[in-house]
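Below are the chains, spelled out letter by letter.
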Amino acid sequence: MDEIVVIEGFHMPSEPWWKYAKPIIKVVPPGPNARKVIEEHRRYIATTTHDPEHLPLVIKRGDGVWWEDVDGNVYLDFSSGVSVLNVGIGNPRLIEALEKQIREVGHAAGTDFFNEIQVNLAKKLTRIAPGDFEKKVFYSNSGTESIEAAIKIAKYGTERKLFIGFIGGFHGRTLGSLSLTASKPIHHKRTFPTSPGFYHAPYPNPYRNPWHIDGYENPDELVNRVIEYIEEYMLNCYVPADEVAAIVFEPIQGEGGYVVPPKNFFKELRKLANRYGMLLIDDEVQMGLGRTGKMFAIEHFNTEPEIICLAKALGGGYMPIGATIYKKELDFKEAGVHSNTFGGHCLACAVALITIEIIENELLDNVKKLEPIFKERLEEMYNKYRIIGDVRGMGLAWGIEFVKDRKTKEYAIKERNKILLESLKRGLVALGCGRSSIRLIPALCITEELVKLGLDILEDAIKVVSS
Ligand SMILES: Cc1ncc(COP(=O)(O)O)c(C=O)c1O
């Protein structure tokens with residue numbers, strides 16, 4: 001892109017106007033208003049994951065695939081609020097559903113009293129979730145809680161205590177889910193001990209794995225090594241197989257760098273789990289609900305897990321909600337083993353119902369249509385810029401890993417951060433992941449023109465940083 005086009009008087013119009021707008025950069029972010037908010041935020045709010053140096057975005061409002069900041073800049077969004085805003089920001093049908101539900105009831109003590117809307121959502125979730133068996137749903141408020149519930153359900157249902165997760169996996173930051181999380185040491189800093197009984201195997205990362213196998217060229221070899229590692233070096237050495245309740249995985253590792261495993265990995269994992277009577281727990285918190293072109297990413301791998309965890313996009317960006325969908329026979333046999341206050345909140349269920357409907361009926365085809373545009377364009381960039389070590393993804397879930405040297409694969413962390421900042425300055429919002437990767441995860445309703453525009457801006461930022 002030669003220059004950023006500024007459109008005066010942009011008022012966040014509702015559909016379909018926003019589809020044709022371009023970023024507006026009035027002042028280099030962070031502008032004066034943004035700086036003030038960031039300063040006060042840092043003074044009053046707990047330190048979490050913000051990086052004000054490289055992502056100084058202070059949002060005032062949003063619409064569709066656009067964010068407006070407090071200084072009047074308008075950005076194209078390739079982050080979908082971390083895979084939450086799959087149906088776009090401010091989708092009018094969600095607002096309508098929410099308004100209708102607010103007038104009826106919000107909190108209805110859904111774990112003590114009964115209500116119809118949570119039953120309707122559970123019917124829908126159990127219908128769309130893979131697995132040719134009867135299922136039930138536990139509701140919560142976040143991804144980490146949906147994992148915590150999965151852990152308890154697996155323990156209760158199998159009467160086994162141990163779990164196997166994967167290196168590079170991210171499942172949340174509360175102490176149970178944190179025991180599975182293994183994507184960055186910082187998540188564990190000063191929190192030891194987490195739960196005992198959680199073990200980790202290498203994930204079949206085709207680009208980086210302990211055996212230095214090129215997993216794109218030799219996917220079967222990579223999968224065999226991982227399965228062999230679990231059986232020979234874990235189950236035969238120190239993890240009693242008949243005490244393992246479940247193997248927990250992300251179908252594509254998200255926080256760990258948008259890592260796509262070889263096609264047959266989960267089939268082999270399924271066979272291994274069956275050999276020892278273990279369950280499979282599929283964490284779809286980031287990849288679920290249409291992100292990869294199917295409702296659940298695991299559907300690309302033709303594997304049926306006993307437990308599936310959802311959160312993020314389920315609430316359409318308006319309500320926090322988590323859902324753990326599980327094989328009915330694992331259910332608690334008495335009341336009180338697991339519960340919460342807000343699970344199955346009526347407002348959350350109302351937006352979840354309409355969110356699923358929109359994704360299922362209207363957006364999956366759009367994701368499939370846009371996938372080749374990302375694929376071709378990212379491969380083109382890989383061929384142009386040596387700073388790109390790997391590109392990978394499917395649907396609208398893409399990762400670019402930046403390296404200082406393609407041979408040594410040394411992580412280009414500073415460069416990645418600079419690319420994020422340069423993109424933002426040009427009007428594109430994207431997020432990092434892994435150690436030196438960027439994830440490109442726009443809302444599933446984005447148009448072809450805007451995908452191309454976003455990729456133009458990103459390429460411009462990569463060009464500037466790599467030169
Ligand atoms: C795959 C996965 N699982 C679990 C979580 C935790 O979700 P939450 O932040 O809502 O607790 C995340 C969050 O990014 C995630 O990506």
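Residues numbered from 1 in each chain as written. Predicted model: local features only at pLDDT ≥ 70, side-chain atom pairs only at ≥ 80, totals over all residues. Heavy atoms only, no water.

A. How the structure looks around the overall build of the chain. In terms of helices and strands, the chain carries 11 helices and 15 strands. For the chain, the spread of C-alpha atoms along the principal axes amounts to about 65 × 60 × 45 Å. Per-residue burial for the chain yields a buried fraction of 58% across its 467 residues. Within the chain, contacts between residues separated by at least 24 positions form 73% of all contacts whose residues are at least 6 apart in sequence. (Helix = DSSP H or I, 4+ residues; strand = E, 2+ residues; numbered from the N terminus. Buried < 20%, exposed > 50% of the residue type's maximum accessible area, 1.4 Å probe, protein only. Contact = heavy atoms within 4.5 Å.)

B. View of the site of the ligand. In the region of the ligand, the neighbouring residues are S142, G143, T144, F170, H171, G172, E250, E255, D283, V285, Q286 and K312. T144 places a main-chain nitrogen or oxygen 2.9 Å from an oxygen atom of the ligand. F170 places a main-chain nitrogen or oxygen 3.4 Å from a nitrogen atom of the ligand. Contact with the protein chains removes 83% of the 390 Å² of surface that the ligand exposes when unbound. Among the residues making up the shell around the ligand, the classes are represented as 2 nonpolar, 6 polar and 4 charged. (Near = heavy atom within 4 Å. Polar contact = N/O pair within 3.5 Å; in protein donor to acceptor, adjacent residues only side chain to side chain. Areas by Shrake-Rupley, 256 points an atom, 1.4 Å probe, with all protein chains shown as cover. Nonpolar A, V, L, I, M, F, W, Y, C, P; charged D, E, K, R; others polar.)

C. Representation of the packing of helix α4 (residues 116–128) against helix α9 (residues 346–384) in the model. At a minimum axis separation of 9 Å, α4 and α9 run at an interaxial angle of 35°. Between α4 and α9 the crossing geometry is left-handed. For the pair formed by α4 and α9, the contact residues are I117, Q118, N120, L121, K124, L125, R127 and I128 on the first element and C346, C349, A350, A352, L353, I356, E357 and E360 on the second. In terms of residue class, the contact of α4 with α9 is built from 10 nonpolar, 2 polar and 4 charged. (Axes fitted to C-alpha atoms, helices over the stretch in contact; angles between N-to-C directions. Left-handed = near helix turned anticlockwise from the far one by under 90°.)

D. Quick look at the state of the cysteines. Summed over the entire model, instances satisfying the criterion amount to 0 disulfides. Summary of cysteine pairing: C349 is not part of a disulfide, and the nearest cysteine sulfur, belonging to C346, is at 6.6 Å. (Disulfide = S-S within 2.5 Å.)

E. Structural context of the packing of aromatic side chains. Counting across every chain of the model gives 12 aromatic pairs. With a centroid separation of 5.4 Å and an interplanar angle of 85°, the aromatic rings of Y199 and Y238 are classed as edge-to-face. Linking Y199 in strand β6 (residues 198–201) with Y238 in the loop between α7 (219–235) and β7 (244–249), this pair joins segments that are 39 residues apart in sequence. On the basis of relative accessible area, Y238 is assigned to the partly exposed category, the value being 44%. An angle of 80° between the planes, with centres 5.0 Å apart, marks the rings of F266 and F301 as edge-to-face. (Phe/Tyr/Trp six-rings, centres within 6.5 Å; stacked < 30°, edge-to-face > 60°.)

F. Here's a closer look at the sheet that holds strand β12 (residues 397–402). Read from one edge of the open sheet, 4 strands run β11-β12-β15-β14, paired in antiparallel fashion. Taken across any chain shown, the strands that pair with only one partner, and hence form the sheet edges, are β11 (388–394) and β14 (431–433). Each adjacent strand pair in this sheet contributes to an overall mean axis angle of 30°, direction not counted. Pairing of β14 with strand β15 (residues 437–440) involves 3 bridges; the strand directions are antiparallel. Among the inter-strand pairings, C433 is bridged to a residue of β15, identified as S437. (Pairing = 2+ DSSP bridges.)

G. Main features of the nonpolar core. In this structure, L125, F166, I230, L269, L440 and I462 are the most contacted members of the largest nonpolar core, which totals 113 residues. Per-element accounting of this core gives the leading share, 20 residues, to α9. When we break this core down by domain, the ones giving at least three residues each are domain 1 (1–78) and domain 2 (92–359). (Core = buried A, V, L, I, M, F, W, Y, C linked by side-chain atoms within 4.5 Å. Domains from an automatic or database assignment.)

H. Fine view of the sheet that holds strand β13 (residues 428–429). Read from one edge to the other, the open sheet built from 4 strands follows the order β1-β2-β3-β13, with strand pairing classed as mixed. For this open sheet the edge positions go to β1 (59–63) and β13, each flanked by a neighbour on one side alone.

I. The arrangement of the packing of helix α10 (residues 413–425) against helix α11 (residues 448–466) in detail. As a packed pair, α10 and α11 sit with axes 9 Å apart at the nearest point and diverge in direction by 130°. One element, α10, and the other, α11, form an angle in the oblique class. The way α10 lies across α11 gives a crossing that is right-handed. Contacts between α10 and α11 involve E415, K418, I419, E422 and S423 from the first element and I457, L458, A461, I462, V464 and V465 from the second. Residues of the contact of α10 with α11, tallied by class, amount to 7 nonpolar, 1 polar and 3 charged. (Parallel < 35°, antiparallel > 145°, perpendicular 65-115°, else oblique.)

J. The arrangement of helix α5 (residues 143–158) in detail. With 16 residues, α5 extends 22 Å from end C-alpha to end C-alpha; this agrees with the ideal 22 Å at 1.5 Å per step. Within α5 the residues assigned to the buried category are G143, T144, S146, I147, A149, A150, I151, I153 and A154. Downstream of α5 by a residue or two, E159 has a phi angle that is positive, lying close to 55°. (Expected span 1.5 Å × (residues − 1).)

K. Spotlight on the environment of F138. Within the element layout of this structure, F138 appears in strand β4 (residues 135–140). On a C-alpha basis, the gap between F138 and T111 in space is 9.9 Å, while along the polypeptide they are 27 residues apart. Apart from the residues lying within four places of it in its own chain, the contact partners of F138 are A149, I153, G322, A323, T324, Y326, H338, S339 and N340.

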